[in-house]
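Residue-level structural notes
This is what each chain is made of:
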Amino acid sequence: MLAPSDLRPRKELNLSLGVLIGSGDRIVLFTLPFAAVGVILNIAYPQLFNVGGPGAALRLLSLVMLAAGIANWAWSVFLILTNVPRGRLITSGPYALVKHPLYTGMALLVLPSVGFLFNSWLGVALGIVLYVATRMFAGSEEEALSKAFGAAWDEYSSDVKISWL
């Protein structure tokens, strides 16, 4: 079991905006063109994206998923803002379940739910693109965390519940 002091980096982190953002800037830049083209196509050809309603069950499921996604986002942002400036590795809350809850929650909960609520498959498509971008760019973020936190990161990585997500 790690002591709280083990959760601090071995080397001081450069606590710039870049540290708080992680890989988010690259993930957004990768996803943005898909989002722009998707929105344009959705406006031009809404029948291609229509989910057929959404029906009451899909609307309810989407609202529940959206609420969970927003709660996950808010909790994750809170943990980042309260821990990263202090140079602490976050291992609790949503971070105990997945390594990147902000990206994962947005890709798998928020975007699909919003899409369904607007009667469109576009949210699911953008969620998939966002998830792929996360898998492409999160590795460099994880390398930086590994260098900064050493054994604490290794232990966290092996203890996180759903490491592949």
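See the structure above.
Below, the structure is looked at part by part. Predicted model, so just to flag it, every value in this text is computed and none were measured. Each chain has its residues counted from 1, following the order in which its sequence is written. Local features in a predicted model are, by the rule used here, given only for residues with pLDDT of at least 70; side-chain atom pairs are given and counted only at 80 or more, and totals for whole chains, interfaces and linings are based on all residues. Heavy atoms from the whole structure form the basis of all side-chain values; hydrogens and water molecules are not counted.

1. Focus: the overall build of the protein
Heads up, the condition is: Runs of H or I in DSSP of at least four residues are treated as helices and runs of E of at least two as strands, each being numbered from the N terminus. Residues count as neighbours in contact if any of their non-hydrogen atoms are within 4.5 Å of one another. Accessible surface is estimated by sampling points in the Shrake-Rupley manner with a 1.4 Å probe; for residues, cover comes only from the protein chains shown.
Scanning the protein from terminus to terminus reveals 7 helices and 0 strands. Going from N to C terminus, the protein has its helices and strands arranged as α-α-α-α-α-α-α. Counting contacts in the protein only where the partners sit at least 6 residues apart, residues at least 24 apart contribute 78% of the total. Working note: accessible area of the protein is about 9,400 Å², and carbon and sulfur atoms make up 71% of it.

2. Points about the environment of Leu89
Along the chain, Leu89 falls in the loop between helix H4 (56–83) and helix H5 (101–117). Each C-alpha atom, one on Leu89 and one on Leu145, is 8.2 Å from the other, the two residues being 56 residues apart in sequence.

3. Topic: the pattern of salt bridges
Put simply, the test is: In the sections that follow, a salt bridge refers to a side-chain nitrogen of Lys or Arg positioned within 4 Å of a carboxyl oxygen of Asp or Glu. Note on classification: 1.4 Å probe, protein chains only; a residue is buried when its accessible area is under 20% of the maximum for its type, exposed when over 50%, partly exposed between these limits.
Enumeration over the complete set of coordinates arrives at 1 salt bridge. We note a salt bridge from Lys99 to Glu142, for which the minimum N-O separation is 3.7 Å. Taken together, the residues span a long stretch of sequence, with Lys99 in the loop between H4 and H5 and Glu142 in helix H6 (residues 122–149) at a distance of 43 residues. Using a relative accessible area of 16% as the deciding quantity, one classes Glu142 as buried.

4. Topic: the nonpolar core
Note the following rule: The term nonpolar core refers to a set of buried residues drawn from Ala, Val, Leu, Ile, Met, Phe, Trp, Tyr and Cys, joined through side-chain atoms within 4.5 Å.
If you look at the biggest cluster of nonpolar residues, it comprises 12 residues: Leu79, Ile80, Val84, Leu89, Ile90, Tyr95, Ala148, Phe149, Ala152, Trp153, Tyr156 and Val160. Elements with a minimum of two residues in this core: H4, H6 and helix H7 (151–159). The element best represented in this core is H7, accounting for 3 residues. Those residues in contact with Val160, other than ones at most four positions away along the chain, are Tyr95, Ala96, Leu97, Val98 and Lys99. Ile27, Ala107, Leu130 and Ala133 belong to the second-largest nonpolar core, a separate cluster that totals 6 residues.

5. Brief notes about the packing of aromatic side chains
Cut-off, in case you're wondering: Put simply, two rings from Phe, Tyr or Trp (the six-membered ring, in Trp's case) pair if the centres are within 6.5 Å, and we call them stacked under 30 degrees between planes, edge-to-face over 60, tilted for the rest.
Under the defined criterion, the tally for this structure stands at 4 aromatic pairs. Considering the side-chain rings of Phe30 and Phe34, the 5.5 Å spacing of their centres and the 40 degrees angle between planes classify their relative orientation as tilted. With Phe30 and Phe34 both in helix H2 (residues 24–44), this residue pair falls 4 residues apart, about one helical turn. Aromatic pair Trp153 and Tyr156: ring centres 5.3 Å apart, planes at 50 degrees, arrangement tilted.

6. Some thoughts on a nonpolar patch on the surface
This is how it is decided: Here a patch means residues that are over 30% exposed by relative accessible area and free of salt bridges, tied together within 9 Å if like-charged and within 5 Å if nonpolar (Val, Leu, Ile, Met, Phe, Trp, Tyr).
A cluster of nonpolar side chains, contributed by Val37, Leu41, Tyr45 and Leu48, occupies part of the molecular surface with about 390 Å² of accessible area. Mapped onto the fold, Val37 is located in helix H2.

7. Considering H4
What counts here: Every helix has an expected span of 1.5 Å times one less than the residues it contains.
Taking 1.5 Å per residue, 28 residues should reach 40 Å; H4 reaches 40 Å between its end C-alpha atoms and fits that length. Residues Ser62, Met65, Leu66, Gly69, Asn72, Ser76, Leu79, Ile80 and Asn83 constitute the buried set of H4.

8. Regarding the packing of H6 against H7
To keep it simple, the criterion reads: Fitting a line to C-alpha atoms yields each axis, with helices limited to the stretch in contact; the angle taken between N-to-C directions then spans 0 to 180 degrees. Note that the term roughly parallel is reserved for angles under 35 degrees, roughly antiparallel for angles over 145, roughly perpendicular for angles of 65 to 115, and oblique for everything else. Following the grouping adopted for this structure description, the nonpolar residues are Ala, Val, Leu, Ile, Met, Phe, Trp, Tyr, Cys and Pro, the charged ones are Asp, Glu, Lys and Arg, and the polar ones are all others, Gly among them.
Contact geometry of H6 with H7 gives a least axis separation of 6 Å together with a crossing angle of 130 degrees. Considered as vectors, H6 and H7 are oriented oblique to each other. Contacts from Glu142, Leu145, Ser146 and Phe149 in H6 reach Ala151, Ala152, Trp153 and Asp154 in H7. Here the residues of the contact of H6 with H7 sort into 5 nonpolar, 1 polar and 2 charged.

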